[in-house]
Amino acid sequence: MPSTPALTVPRNGGSDVLEVTERDLPAPGPGQVQVRVAAAGVNFIDVYQRQGVYPIPTPFTLGMEGAGEVVAVGEGAEFAVGDRVAWAMQLGSAAGLANLPAAQLVPVPDGLALDIAAAAMLQGMTAHYLVNSTYAVQPGDIALVHAAAGGVGQLLVQLITAKGGRVIATAGGPEKLAIAERLGAEGLIDYRRVDDLAAAVRAAADGGGVHVAYDGVGKDTFDASLAALRPRGTLALFGGASGQVPPFDIQRLNAAGSAYLTRPSLGAYLQDRDELLWRAGEILGALADGSLELEIGGRWPLGEAVAAYDALEGRGTTGKLLLIP
Ligand code: NDP
């Protein structure tokens, strides 16, 4: 039985609870493959799980996405040793080896590096469902994207502008806004420096408000996102990097002009294998043909994962962060 290092959460808490442990990994079971992980993604969902906001019995191995090479195949799993694969929403990805359900794996296109594939899966499919399914962006639509230099943010800006949408981007500081501008955003707002964020967004949206607000910052931006919508606009609250939004009075949707509010999550937008292959295929394909770009904002060995999470939670990063087992 092979032994593998694994990034372990022994109990809920801050990043200081994280430790790398060695554990034995059995042969892959029916329908599973064993993968040597080339890179695992760092995501905010890992933070919520580590803190216990999303409860998981401890101890557990952290990490929800990655990419690597198949090293062993369980009964009935339709992959071969040597195949290059990527995945998302599979707990236990931050490890040297992982046993994964074959039905959750997607092939990595030839010519696309495994670390880029690992970096694209969770945030890429999230940006994909937000602009194609939660609110299907149309040419000429104006979209608000918060934290636009972040992992999901950079991908949202590109996918919206590729559809002919216009982006108003917020970010913390001029360097981050410059990234959003280079990727196609036309309205640029440093939300740490404005007193009335909704007014600034409305002014950038020709005075009329936005068709859709994509808000992954949550507590600190939610009210402004709602107030920045045009009549019948959509607020997609997809995360809470600044904290969770408190309970909400539905009457506020009326006051906001018959607004639509949704709190989507990736799992609900991956209902079956066809949906997984569609979203992952479009994102990995766009990266392979160069029509989508992805910034790797930092790489850390498993043993330095604390630094990776401190950087993410401390607002010190842009793009995607990776752990290299
Ligand atoms: P990011 O790379 O966007 O990092 C978070 C960014 O949020 C920071 O860099 C910072 O950017 C901004 N931010 C604003 N306030 C705070 C704060 N108080 N603390 C920390 N960050 C803050 O992260 P991800 O791309 O990984 O995730 C973005 C959001 O998307 C998260 O809320 C995450 O939970 C959510 N998400 C949701 C999914 C879903 O299906 N619902 C799936 C994947 C991610 P700045 O300095 O510019 O303000």
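Every residue gets a number counted from 1 within its own chain, in the order that chain's sequence is written. Note on the predicted model: pLDDT of at least 70 is required for a residue's local features to be given, and 80 or more for side-chain atom pairs to be given and counted; whole-chain, interface and lining totals, by contrast, use all residues. In computing side-chain values, all of the structure's heavy atoms are included and hydrogens and water are not.

- An unreviewed UniProt entry lists the chain under the name Quinone oxidoreductase, with Nostocoides jenkinsii Ben 74 given as the organism.

**A few points about the UniProt feature "domain: Enoyl reductase (ER)" (unreviewed entry) in the chain**
- Cross-referencing UniProt, the feature "domain: Enoyl reductase (ER)" (unreviewed entry) maps to residues 13-323 in the present numbering.
- Taken end to end, residues 13-323 comprises 30% helix and 26% strand; its first and last C-alpha atoms sit 20 Å apart. UniProt positions are given in the numbering used here, feature names are shortened, and annotations may be inferred rather than shown by experiment. In DSSP terms, a helix is any run of H or I states spanning at least four residues, a strand is any run of E spanning at least two, and both are numbered starting from the N terminus.

**Focus: the nonpolar core**
- Of all hydrophobic cores here, the largest spans 55 residues; its most connected members are Leu156, Ile160 and Tyr214.
- When residues of this core are traced back to their parent elements, those giving at least two are strand S6 (84-88), helix H2 (114-134), strand S9 (142-145), helix H3 (151-162), strand S10 (166-171), helix H4 (174-182), strand S12 (210-215) and helix H8 (273-288).
- Counting residues per element, this core draws most heavily on H2, which supplies 12 residues.
- Residue contacts are defined here by distance: any two heavy atoms, one from each residue, within 4.5 Å place the two residues in contact. Setting aside chain neighbours within four positions, we find Tyr214 in contact with Leu130, Val131, Tyr135, Val137, Ala143, Leu144, Val145, His146, Leu156, Ile160, Ala236 and Phe238.
- Among buried residues, the Ala, Val, Leu, Ile, Met, Phe, Trp, Tyr and Cys ones that are joined through side-chain atoms within 4.5 Å form a nonpolar core. The buried label applies to any residue whose accessible area, calculated with a 1.4 Å probe on protein chains only, is under 20% of its type's maximum; exposed applies above 50%, and partly exposed to all values in between. Leu7, Val9, Val35 and Ala305 belong to the second-largest nonpolar core, a separate cluster that totals 31 residues.

**What about the packing of H2 against H8?**
- At a minimum axis distance of 9 Å, the contact between H2 and H8 shows a crossing angle of 115 degrees. As H2 packs across H8, the resulting crossing turns out to be right-handed. Along its contact with H2, which presents Ile116, Ala117, Ala120, Met121, Gly124, Met125, His128, Tyr129, Asn132 and Ser133, the element H8 presents Leu276, Trp278, Arg279, Ala280, Glu282, Ile283, Leu284 and Leu287.
- Gly falls in the polar group here, along with every residue not listed as nonpolar (Ala, Val, Leu, Ile, Met, Phe, Trp, Tyr, Cys, Pro) or charged (Asp, Glu, Lys, Arg). Grouping the amino acids of the contact of H2 with H8 by side-chain chemistry returns 12 nonpolar, 4 polar and 2 charged. As a rule, the C-alpha atoms of each element are fitted with a line to give its axis, helices using only the stretch in contact, and angles between N-to-C directions run from 0 to 180 degrees. Two helices cross in a left-handed way if the nearer one is turned anticlockwise from the farther one by less than a right angle. They cross in a right-handed way if the turn is clockwise.

**A look at unusual backbone geometry**
- Cis rather than trans, the peptide bond between Thr58 and Pro59 has omega equal to -5 degrees.
- For Pro59, the location among the structural elements is in the loop between helix H1 (44-51) and strand S4 (60-61).
- The phi torsion at Asp206 lies on the positive side, around 55 degrees, for a residue other than glycine.
- Note on placement: Asp206 falls in the loop between helix H5 (197-204) and S12.
- According to the relative accessible area criterion, Asp206 is exposed, its value standing at 57%.

**With respect to the sheet that holds strand S14 (residues 260-262)**
- Across the sheet, which stays open at both edges, the 6 strands sit in the order S11-S10-S9-S12-S13-S14 with parallel pairing between neighbours. For this open sheet the edge positions go to strand S11 (187-190) and S14, each flanked by a neighbour on one side alone. Averaged over neighbouring strand pairs, the angle between their axes works out to 15 degrees when direction is ignored.
- Two strands pair when backbone bridges link them, and strand S13 (residues 229-237) and S14 are joined in this way by 3 bridges, in the parallel orientation. Looking at S14, one finds that Leu235 is bridged to Leu261. The rule for pairing is simple: two strands pair if DSSP sees at least two bridges between them.

**Some remarks on the pairing of S6**
- S6 sits mainly inside the fold: 4 of its 5 residues count as buried.
- Examined bridge by bridge, strand S5 (residues 65-73) and S6 share 5 bridges and lie antiparallel to one another. Across the sheet, Gly68 pairs through a bridge with Val85, a residue of S6.
- Across 2 bridges, the pairing between S6 and strand S8 (residues 106-107) is antiparallel. Each bridged residue has a counterpart across the sheet, and for Val85 the counterpart in S8 is Pro107.

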